[in-house]
Structures are given as structure tokens and as C-alpha cells.
Amino acid sequence: MTEQKVVLSGMRSTGRIHLGNYFGALKNWVELQDRYRCFYFAADWHALTSDYADPSQIAGNTLEMVTDWLAAGLDPEKAVIFVQSMVPDHAELHLLLSMMAPLGWLERVPTYKEQMQQLETKDLSTYGFLGYPLLQTVDIIIYRAHFVPVGEDQSSHLEISRELVRRFHFLYGTEVFPEPQILLTPTPKVPGLDGRKMSKSYGNAIGLSDTPDEIRAKCKQMFTDPERLLRKDPGRPEVCNLFQFHKLMSPPEVQERVEHQCRAAEIGCVDDKKLLAQMIIDYLEPMRRRRAELDPDTVYDILLAGSQKARERTAETLDLVRGALGLDYRKALERAKAAAKVTA
Ligand code: TRP
């Protein structure tokens, strides 16, 4: 049997998941777990690169985020689900790779300067933040992963990961790692309530764990076709936010009916908001049910067991790496003893 290809992906520990995260990544992760050997993890150290001054929320955010993953259908029987900091081997490989990672490569990653300017309330001129893509590279290659399902925004990080793999092989003369390939998640950007990209920091998100009442209240605030002022004006589903959501979450017959009735001004925006709220509530129902069966202890145990499994894989990789670097002390000892015998 040929070995199954390895998929790895992670999310920074930011807490509860919203529909943008779900359609942008998580839904795809759930589908991949049936086809590949999958490793999915909470990147709590990556959260620390920007939240080091107040790390108090990170661990709690990890637990909430992973609860949503499980509710959404990630299955610990199929995929290895773990926390970065529970697998300290990531730190050792990060140190070893840091020796050969050219500063210029890290400084030139486009997200580096962008983020430093955008998150101006945080001082990101740190050693750790510069190493963000290096740590991400380690997260991937320590599992000898072939595929990394992420959004377009991560492509510069994947590029540097491949370059570092090539540099490692060139310097040490052994091929330890596959060159990881990006698996672009085929999803449209999910709009937020206000039509901008859905994002926790914009306060325009719908969470997977929102209650039906919260979903109804949020749908009421949604922006619709700005040119549809009166109930009798025909609407334009193609520019309406609500319709974007229908396309993602409503059954096809509902989509067709809404599209027709909106253009014909047979339903108004208020009617459509009510209908959409119900569609979202129905869509999230299985997740609500699964979440009701999860308690924090169960989530924690899943993470402990997953991290243990992850460490089996990382230990193998570190053996290979230490070997490539000549830092294998058993071998060195044998050689020293053999040399001593010859001279004796
Ligand atoms: N940088 C990724 C993000 O912000 C999170 C991440 C950390 C990651 N390590 C990773 C993603 C390894 C894929 C593989 O979304």
C-alpha cells in the first residue's frame, strides 16, 4: 500500500469561528479528512507573536476554537487534532532552522511589513514576529506534509516554506522533506453584515455558535441592495449581501425562488432577512447539536491525545533532521569508540 499523502493546516487561536472561517477553511478541512492523513492544529504560539503583551486569552481561545472545529465535523478518529505548544518539537526545529534562514527572506515576506503597519497598536518589531513564517514552515515540514489547505493570503508563507526546504536539502545533502504545496480553498469571500469581508475585528460576523435569536437579530442588520429603496422596487440579487448567503447556505429551490421573487418585488428585504435567518439557523443546526454534546473536558482530552499522536510523527522527523545535521550523538559515540580502538 502506498502511504497516504499528508495534509496539514492550522489556525491562529482567535476564539470562536465565524461563517467566514467556516466557508474559507474549516468546511474544506472536514472534507479532506476522509481522503488524506490530516493534521489540524491551533497555532497558539502564532497568536503569541502579536498578543505577547497580553496573552491571557490565548488558551481559552484555543479551547473555544477547537470546540467549533469539532462541532463543524472535524473528527478525532479521522484527523489528528492538536495544539502547537503541546508539541514542543516545533520549538526545536524552529531553532535549528533559524540557523540557516536568511534574514533577507524573512524581511521580504509581504505580510511582514503590512502587518507591522496595520496592527499599529502593537509593537511587532520583535524577533518572534519576524520568525512568523519560519515557525509556520516548521509547523508544516515537521509532519513532512505534502499539502497545505489555506487561503490565498498565505501563499507568500508557503513560498518561503518551499524555499527553506530547498535550502535545507542543498546544505545538508539529504532529502528529508517534501516541498509543501498549497491547496487553495475554492471559496468566495464571505461578506459580513455590512458587506465588507467577514472579520472578527470588524464586528460584522455571524458565529457558528450564535443562538437562533442572535442570528435573527444579525440578519435584521444586514445591508441589502442599496438601490432598492421601496418595497415595490425590483431587487438585484447579484449585488445583495443576503443572496450571497443564500448561495452558500440555502437549498437550490429556495435560492431560485428568492432570486425570482426579489427581482419581481414579490418579497421585500425584510421578508428575505427573516427567511435567510431561518436558512442559516437550519444550516447550523447539526453543529448546534454536536456542540451540545461536547464539554470542555472532552475537548481538552481530544487535544491531549491528538498532541500525543502528533509527537510520534514529529519525533521521527527530528531524528532525520538531527541525522542530517550530524547531531546524532549515538552515531558520534560509536565513531569515537571505533577510533579509540584503532589507536589502542
Ligand atoms: N498563518 C496561518 C493563518 O494566519 C496560521 C498557520 C500557522 C498555519 N501555521 C500554519 C496555516 C501552518 C497552515 C499551516 O491563517
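Residues numbered from 1 in each chain as written. Predicted model: local features only at pLDDT ≥ 70, side-chain atom pairs only at ≥ 80, totals over all residues. Heavy atoms only, no water.

Draft legend 1. The state of the cysteines, seen in detail. Enumeration according to the criterion identifies zero disulfides in this entry. Free of any disulfide, Cys269 has its nearest cysteine sulfur in Cys240, 6.0 Å distant. Under the relative-accessibility criterion, Cys269 is labelled partly exposed at 21%. (Disulfide = S-S within 2.5 Å. Buried < 20%, exposed > 50% of the residue type's maximum accessible area, 1.4 Å probe, protein only.)

Draft legend 2. The packing of helix α4 (residues 89-98) against helix α14 (residues 296-325), seen in detail. Axis separation between α4 and α14 bottoms out at 10 Å; the angle between their running directions is 25°. Comparing the axis directions of α4 and α14 gives the class roughly parallel. In the packing of α4 onto α14, the handedness of the crossing is left-handed. Residues Asp89, Glu92, Leu93 and Leu96 of α4 lie in contact with α14, whose contacting residues are Arg311, Thr314, Ala315, Leu318, Val321, Arg322 and Leu325. Looking at the contact of α4 with α14 residue by residue, the class counts come to six nonpolar, one polar and four charged. (Axes fitted to C-alpha atoms, helices over the stretch in contact; angles between N-to-C directions. Helix = DSSP H or I, 4+ residues; strand = E, 2+ residues; numbered from the N terminus. Parallel < 35°, antiparallel > 145°, perpendicular 65-115°, else oblique. Left-handed = near helix turned anticlockwise from the far one by under 90°. Contact = heavy atoms within 4.5 Å. Nonpolar A, V, L, I, M, F, W, Y, C, P; charged D, E, K, R; others polar.)

Draft legend 3. Fine view of unusual backbone geometry. One non-glycine residue, Arg144, lies in the positive phi region at around 45°. Tracing the backbone shows Arg144 in the loop between α8 (132-141) and β4 (147-150). In this model, Ala265 sits at a positive phi of 55°, which is unusual for a non-glycine residue. For Ala265, the location among the structural elements is in the loop between α12 (252-263) and α13 (269-292).

Draft legend 4. Structural view of the domain arrangement of the protein. Along its sequence, the protein is organised into domain 1 (6-190 + 295-334) and domain 2 (210-291). Using only C-alpha atoms to locate each centre, domain 1 and domain 2 end up separated by 36 Å. Of the residues lining the interface, twelve residues belong to domain 1; the matching set on domain 2 comes to eight residues. A combined buried area of about 870 Å² lies between domain 1 and domain 2, and 72% of that area is made up of carbon and sulfur atoms. Looking at the side of domain 1 facing domain 2, the largest losses of area belong to Leu19, Phe23 and Ala71, adding up to 51% of the total buried there. Connecting domain 1 to domain 2 are one salt bridge. Here Arg291 ties to Asp68 by a salt bridge, and the two come within 2.7 Å at their closest N and O atoms. Scanning the region where domain 1 abuts domain 2 turns up two residue pairs in polar contact (both at pLDDT 80 or more). Counting residues per element, the ones that place at least two in the side of domain 1 that touches domain 2 are α1 (19-32) and α3 (58-71). (Domains from an automatic or database assignment. Buried area = accessible area lost by both parts, 1.4 Å probe. Salt bridge = Lys/Arg side-chain N within 4 Å of Asp/Glu carboxyl O. Polar contact = N/O pair within 3.5 Å; in protein donor to acceptor, adjacent residues only side chain to side chain.)

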